[in-house]
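Examining the three-dimensional arrangement
What follows is the residue order along each chain.
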Amino acid sequence: MSVVHQLSSLDVNLPSPLQQLESPLLSEKAVRVFLKRDDLIHPYLSGNKWRKLKYNLIEAERQGKDTLLSFGGAYSNHIHALAAAGKIFNFKTIGIIRGDEPRDLNETLRFAVNQGMTLQFVDRARYREKTSSEFLTELRNKHGDVFIIPEGGSNQFALPGCAEVVEEVQQQLGGQTFSIMTAVGSGGTAAGILSHSAKIPVYGVAVLKGAGFLLEDIQRLLTEKPEKFTFFLDYHFGGYAKTNEVLINFVKDFKQQFGIDIEPIYTGKLMSALFDLIEKDYFEPGSTIVALHTGGLQGYKQ
Ligand SMILES: *Cc1c(COP(=O)(O)O)cnc(C)c1O
C-alpha cells in the first residue's frame, strides 16, 4: 500500500487541537495564548517530528527507496518518531546514534529497536561529520541505497508538513490574525511555518546556546530571507538539554496551572520565554499568539 494511501487511513488526531490558555496574567495583559497540541497527534508519531517526516516518507517512496537512515542523540525525539514511522509505513530504518554504544539501551533507543530500527553508534567526532559527503558515501556503501534524512528531520521535505500547521490554525481561528511561536532546535519547524504563503509572523525560541547560526540554516531551507521572523536567543537556560531549578519549577507550575505536560528541553523553554515576554509587555494588548506544543514528552518521562 502506498504511503499516501496509508496516510489517509492512519489514526491521527488532525487537525491537532487548539487550546486556549487562561490565567490572570493573560487577562491583565489582554494577550490571547493558544497551545497547538501537536503532542496529541499520535502516541508515537508525535509533534513536529511527525510533521517533518510526512513528506519525507512520500518522497522516499517516490524515489523507490525502502530504507530510511537518519541521525540523532540517544534521547532523540526524531529517532523515536522515525523508528515508529518506519514500522507503520513499512520502511526499514537505520539510526546513526551519537556516542558509544551503551551497555543498556535507554527507553528511546529500546523503543526504536523494538520498532525494527537498526542502530549504528558513532563517536562524537565522527558524528560531527554527519553532513559531509565523505561520511554519507561511507554510510551508503555500508547500508545500500538508503534515503538519508538529516538530524532532526530538517530538510526541504520537512517544510510542507510544518506549513500545514498554519493552514490548520487559520481554520481553527476562523480568519483572525495570529502569530506563531515555536522552540527552535535545528530550525526546520520554524522554516516550515515561515514557508507558508500567508507569511504569518513567527517567533522562535532557541533551545541551545549561541544559536544565531540557525538563522542561516533557516534561510538556506527557505532559499530566501524570512520576512517576519523574530529569533530569541537568550532563553536556552545554559545550552541544549541544560536545565536549572527555575526551569524545572516552571514546567511543574505550568502543569499545575494548565493541566498540560511540557518538558524542559524544548516546550518548557518556549513557554517560559513566552510568559516572560508577556510579563515584560512585549506583545501588544489584543495580540493572539499560538505556541506550538511540539511534543517531546517521550524523552522526558523516562
Ligand atoms: C526537535 C524538537 C523541536 C525543535 O524543532 P526544530 O525543527 O529542530 O527546530 C522542538 N520541540 C520538540 C519537542 C522537538 O522534539
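Whatever comes next refers back to the structure up there.
Residues numbered from 1 in each chain as written. Predicted model: local features only at pLDDT ≥ 70, side-chain atom pairs only at ≥ 80, totals over all residues. Heavy atoms only, no water.

As for the sheet that holds strand β6 (residues 147–148)
Operational definition: The pairing criterion for strands is at least two bridges between them, as found by DSSP. Helix numbering and strand numbering both begin at the N terminus, where a helix is a DSSP run of H or I of at least 4 residues and a strand a DSSP run of E of at least 2.
If you trace the 4 strands from one edge of the open sheet to the other, you get β5-β4-β3-β6, paired in parallel fashion. Bordering the open sheet on either side are β5 (118–122) and β6, each of which pairs with just one other strand. One ladder, built from 5 bridges, connects strand β4 (residues 92–98) with β5; its direction is parallel. Counterpart to Arg-98 in the pairing with β5 is Val-122.

Structural notes on the site of the ligand
What counts here: Proximity is defined per residue: any heavy atom of the residue falling within 4 Å of a molecule or strand makes that residue near it. Identification of polar contacts relies on pairs of N or O atoms within 3.5 Å, with a donor-acceptor requirement for protein atoms, meaning one able to donate a hydrogen and the other able to accept it, and with residues adjacent in sequence counted only if both atoms are side-chain atoms. Working definition of accessibility: Shrake-Rupley area with a 1.4 Å probe, residue cover restricted to the visible protein chains.
Around the ligand sit 15 residues, and of these Lys-49, Lys-52, Ser-186, Thr-189 and Thr-294 come closest. Between Gly-185 and the ligand, the recorded distance is 2.7 Å, taken from a backbone N or O atom to an oxygen atom. Computed on the free molecule, the ligand has an accessible area of 380 Å², of which 98% lies beneath the protein chains in the complex.

What about the pairing of strand β10 (residues 288–293)?
Here is the rule we go by: Burial classification: accessible surface area is computed with a 1.4 Å probe over protein chains only, and a residue below 20% of its type maximum counts as buried, one above 50% as exposed, and the rest as partly exposed.
Counting buried positions over the 6 residues of β10 gives 6, a clear majority of the element. Across the two faces of β10 the burial is the same, with Thr-288, Val-290 and Leu-292 and Ile-289, Ala-291 and His-293 all buried. Here 6 bridges tie strand β2 (residues 32–37) to β10, and the two strands are oriented parallel to one another. Each residue of the ladder has a partner; that of Arg-32, found in β10, is Thr-288.

Notes on the pattern of salt bridges
Defined as follows: Here, a salt bridge means any Lys or Arg side-chain nitrogen found within 4 Å of an Asp or Glu carboxyl oxygen.
On inspection of all chains with the given rule, the structure shows 17 salt bridges. Salt-bridge contacts for Lys-29 lead to Asp-281; the nearest nitrogen and oxygen are separated by 2.8 Å. In this pair, Lys-29 sits in helix α2 (residues 24–29) while Asp-281 sits in the loop between α12 (267–279) and β10, placing the two residues 252 residues apart along the sequence. What makes Lys-29 buried here is its relative accessible area of 15%. Assessed through its relative accessible area of 51%, Asp-281 is described here as exposed. Overlapping salt bridges bring together Lys-36, Asp-38, Arg-51 and Glu-168 as one network.

Let's talk about the side chain of Ser-70
As a reminder, the rule being used: Two residues form a contact once any of their heavy atoms are found within 4.5 Å.
Within the secondary structure layout, Ser-70 lies in strand β3 (residues 67–72). For Ser-70, the residues in contact, after removing those within four places along its chain, are His-78, Ile-79, Leu-82, Ile-94, Gly-95, Ile-96, Ile-149, Pro-150 and Glu-151.

Things to note about unusual backbone geometry
A cis amide bond links Leu-14 to the next residue, Pro-15, at an omega of -5°. Relative to the helices and strands, Pro-15 is located in the loop between α1 (3–9) and β1 (18–21). One non-glycine residue, Lys-199, lies in the positive phi region at around 50°. Residue position: Lys-199 is located in the loop between α9 (188–194) and β8 (202–206).

Considerations on helix α8 (residues 159–172)
Filter applied, for reference: By definition here, a helix of n residues has an expected span of 1.5 Å times n minus one.
Spanning 14 residues, α8 covers 21 Å between terminal C-alpha atoms, matching the ideal 20 Å at 1.5 Å per step. The complete set of buried residues in α8 reads Leu-159, Gly-161, Cys-162, Ala-163, Val-165, Val-166, Glu-168 and Val-169. After α8 finishes, the residue Gly-174 shows a positive phi value of roughly 55°.

Some points on the packing of helix α3 (residues 47–62) against helix α4 (residues 77–89)
Our working definition: Each axis is a line fitted through C-alpha atoms, taken for helices only over the stretch in contact, and angles between the N-to-C directions span 0 to 180 degrees. Should an angle lie under 35 degrees it is considered roughly parallel, over 145 roughly antiparallel, and from 65 to 115 roughly perpendicular; all remaining angles are considered oblique. Rotating anticlockwise by less than a right angle from the far helix to the near helix defines a left-handed crossing, while the corresponding clockwise rotation defines a right-handed one. Throughout, the ten residues Ala, Val, Leu, Ile, Met, Phe, Trp, Tyr, Cys and Pro are labelled nonpolar, Asp, Glu, Lys and Arg are labelled charged, and all others, Gly among them, are labelled polar.
The N-to-C vectors of α3 and α4 enclose an angle of 45°; their axes lie 10 Å apart at closest approach. Our classification of the angle between α3 and α4 gives oblique. Crossing angle aside, the handedness with which α3 passes α4 is right-handed. Contacts between α3 and α4 pair Lys-49, Trp-50, Leu-53 and Leu-57 from the former with Asn-77, His-78, Ala-81, Leu-82, Ala-85 and Phe-89 from the latter. Residue composition of the contact of α3 with α4, grouped by class: 7 nonpolar, 2 polar and 1 charged.

Observations concerning the environment of Arg-140
Inspection of the secondary structure assignment puts Arg-140 in helix α7 (residues 133–143). Residues Arg-140 and Pro-150, spaced 10 residues apart in sequence, show a C-alpha to C-alpha distance of 14 Å. Not counting chain neighbours up to four residues away, the residues in contact with Arg-140 comprise Val-146 and Ile-148.

Quick look at the packing of aromatic side chains
Inclusion rule: Stacked, tilted and edge-to-face are the three classes applied to pairs of Phe, Tyr and Trp rings, where Trp contributes its six-membered ring and a pair requires centres within 6.5 Å; stacked means planes under 30 degrees apart, edge-to-face means over 60, and tilted covers the rest.
In total, this model carries 18 aromatic pairs according to the counting rule given. When the ring of Tyr-203 is compared with that of Phe-232, the centres are 6.2 Å apart and the planes differ by 25°; the resulting orientation is stacked. In this pair, Tyr-203 is assigned in strand β8 and Phe-232 in strand β9 (residues 229–232), connecting sequence segments 29 residues apart. The pair Tyr-203 / Phe-232 is uniform in exposure class, with both members buried.

Describing the packing of α4 against helix α5 (residues 107–114)
Where α4 contacts α5, the axes come no closer than 8 Å and their chain directions differ by 15°. Taken together, α4 and α5 sit at an angle that is classed as roughly parallel. Here the hand of the crossing between α4 and α5 comes out left-handed. Residues Ile-79, His-80, Ala-83 and Ala-84 of α4 touch α5, and the partners they reach there are Thr-108, Phe-111 and Ala-112. Class assignment of the residues belonging to the contact of α4 with α5 gives a composition of 5 nonpolar, 2 polar and no charged.

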